[in-house]
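# Report on the structure
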Amino acid sequence: MEEKKENKSQAIIEVINFGPLKITGNFLLKDLQRDKENSPGEVWLCRCGKSGNKPYCDESHKK
Ligand code: FES
């Protein structure tokens, strides 16, 4: 039971080939406005620098 609790509190960061970082799980996100969103469940963060909505991916990396 304790092991299940531990796994639930972890975030998984996945590097998408030629794309964003996909983060899922239980985490606290502080964006550029220092707004906090507790455990949004899933975010896609830009790592190409082309997004018009940083730090989030807006799929500009596909252009
Ligand atoms: S990674 Fe998607 S816009 Fe940068």
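Here the structure is a predicted model, which means the values were calculated and not measured. (Residues numbered from 1 in each chain as written. Predicted model: local features only at pLDDT ≥ 70, side-chain atom pairs only at ≥ 80, totals over all residues. Heavy atoms only, no water.)

## Some remarks on the sheet that holds strand S5 (residues 42-45)
Reading across from one edge, S1-S2-S5 is the order of the 3 strands in this open sheet, with antiparallel pairing throughout. Both outer strands of the open sheet, strand S1 (11-15) and S5, are each paired with one neighbouring strand and no more. Geometrically, the sheet is characterised by an average inter-axis angle of 20° between neighbouring strands, direction not taken into account. Across 5 bridges, S1 lies against strand S2 (residues 21-25) in antiparallel orientation. Among the inter-strand pairings, Ile13 is bridged to a residue of S2, identified as Ile23. (Pairing = 2+ DSSP bridges. Helix = DSSP H or I, 4+ residues; strand = E, 2+ residues; numbered from the N terminus. Axes fitted to C-alpha atoms, helices over the stretch in contact; angles between N-to-C directions.)

## Remarks on the confidence of the model for the chain
On average, the chain scores 83 in pLDDT, and the residues at 70 or more come to 71%. Across the chain, the secondary-structure element scoring lowest on mean pLDDT is helix H1 (residues 2-8), at 51, and the one scoring highest is S1, at 94. (pLDDT = per-residue confidence, 0-100.)

## Here we look at the environment of Arg47
Within the element layout of this structure, Arg47 appears in the segment after S5. Among the residues examined, Arg47 registers a relative accessible area of 44% and is labelled partly exposed. For the pair Arg47 and Ile16, spaced 31 residues apart in sequence, the C-alpha to C-alpha distance is 9.7 Å. Here Arg47 is in contact with Val15, Ile16, Asn17, Phe18, Gly19, Pro20 and Leu21, once residues within four sequence places are set aside. Reaching out from Arg47, the side chain makes a polar contact with the backbone oxygen of Ile16 at a distance of 2.9 Å. Looking at Arg47, its side chain comes within polar contact range of the main-chain oxygen of Gly19, at 2.8 Å. (Buried < 20%, exposed > 50% of the residue type's maximum accessible area, 1.4 Å probe, protein only. Contact = heavy atoms within 4.5 Å. Polar contact = N/O pair within 3.5 Å; in protein donor to acceptor, adjacent residues only side chain to side chain.)

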